[in-house]
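Residue-level structure breakdown
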Amino acid sequence: MLGEQRSAVCDHARRMVADGLVVGTSGNISVRAGELVAVTPTGVDYESLVARDVPVVAMDGSVVDGALAPTSELPMHLSVYREAADPDGEEITAIVHTHAVHATAVSTLVDEVPLVHYVLATVGATVRVAPYATYGTQALADAMLAALQGRRGCLLANHGTLTYGGSLAAAYHRAQQLEWACRLWLLASSAGAPRLLPHAELEHVVDKLRGYGQG
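The model shown is predicted, which means the values in this text are computed figures rather than measured ones. (Residues numbered from 1 in each chain as written. Predicted model: local features only at pLDDT ≥ 70, side-chain atom pairs only at ≥ 80, totals over all residues. Heavy atoms only, no water.)

On to the packing of helix 2 (residues 74–83) against helix 4 (residues 138–147), then. Close contact between helix 2 and helix 4 brings their axes to 9 Å; oriented N to C, the two are set at 40°. Put simply, helix 2 runs oblique to helix 4. Helix 2 and helix 4 meet at a crossing whose hand is right-handed. Contacts from Pro75, Met76, Ser79, Val80 and Glu83 in helix 2 reach Gln138, Leu140, Ala141, Met144 and Leu145 in helix 4. In terms of residue class, the contact of helix 2 with helix 4 is made up of seven nonpolar, two polar and one charged. (Axes fitted to C-alpha atoms, helices over the stretch in contact; angles between N-to-C directions. Helix = DSSP H or I, 4+ residues; strand = E, 2+ residues; numbered from the N terminus. Parallel < 35°, antiparallel > 145°, perpendicular 65-115°, else oblique. Left-handed = near helix turned anticlockwise from the far one by under 90°. Contact = heavy atoms within 4.5 Å. Nonpolar A, V, L, I, M, F, W, Y, C, P; charged D, E, K, R; others polar.)

Rendered as structure tokens:
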């Protein structure tokens, strides 16, 4: 059941560790296919993770395949699939949640990621920081949903990042770009006061990205 999706979850979970977006068993990934979701299990080292270890859950959170319990952040993932709306109406089929260190550091300092680079437009015209709530709770899921309005990702205050996409590759790419932009702002801020882009430019780049790539 969902063999391809479960394998992709494993591959990208290990990639999160290799790319420094998480440490240990932190962070989580999910991929949706119809009314089923393949999601990382809770408390399992990603280096040893294999496809059969990845639980498959229904949209009500019940496990329909797999022996391991799903991530404690399942309410956050399911809330995105059930309630979030992509700005361009694209179907949301993948979510990446990281504890990326630079993005998490920025989440403790600001309410929106400073517009230090146009790459932030891969997430939205602004990137909001959702107020802190305890991990694994509906309160966190609700705060995240508010921050995601009209956006494809957000920071979670004192916690990490969440990005989604129409594919796992797209969701992961946004997580990487968000971490890079946060690192850039912290580096620039350590040397002085960074020059920021105007909101109108980010809105322009959001529109421009709609025609980006090979079609």
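Back to the write-up after that little detour.
Let us look at the pairing of strand 8 (residues 160–165). The buried count for strand 8 comes to six of six residues, which makes it a mostly enclosed element. Of the two faces of strand 8, the one lined by Gly160, Leu162 and Tyr164 and the one lined by Thr161, Thr163 and Gly165 are each fully buried. Pairing between strand 5 (residues 94–98) and strand 8: five bridges, direction antiparallel. Residue pairing across strands places Ile95 opposite Tyr164, the latter belonging to strand 8. (Buried < 20%, exposed > 50% of the residue type's maximum accessible area, 1.4 Å probe, protein only. Pairing = 2+ DSSP bridges.)

A separate point is the sheet that holds strand 6 (residues 129–130). Within the open sheet, the eight strands sit side by side as 4-3-2-1-5-8-7-6. Their pairing is mixed. Both outer strands of the open sheet, strand 4 (63–65) and strand 6, are each paired with one neighbouring strand and no more. Where helix 1 (residues 3–18) meets the sheet, its contacts fall on strand 1 (28–33), strand 2 (36–39), strand 3 (56–58), strand 4 and strand 5, and the angle it forms with strand 1 comes to roughly 155°.

With respect to the helices, strands and loops of the structure, Ser7 is situated in helix 1. A relative accessible area of 33% places Ser7 in the partly exposed class.

This part is about the environment of Val37. Its place among the elements puts Val37 in strand 2. Taking the relative accessible area as the measure of exposure, Val37 reaches 0% and is therefore buried. Distance from Val37 to Val57, taken between C-alpha atoms, is 5.3 Å for residues 20 residues apart in sequence. When neighbours within four sequence positions are excluded, Val37 is seen to be in contact with Leu2, Ser30, Val31, Arg32, Pro55, Val56, Val57, Met59, Leu78 and Tyr81.

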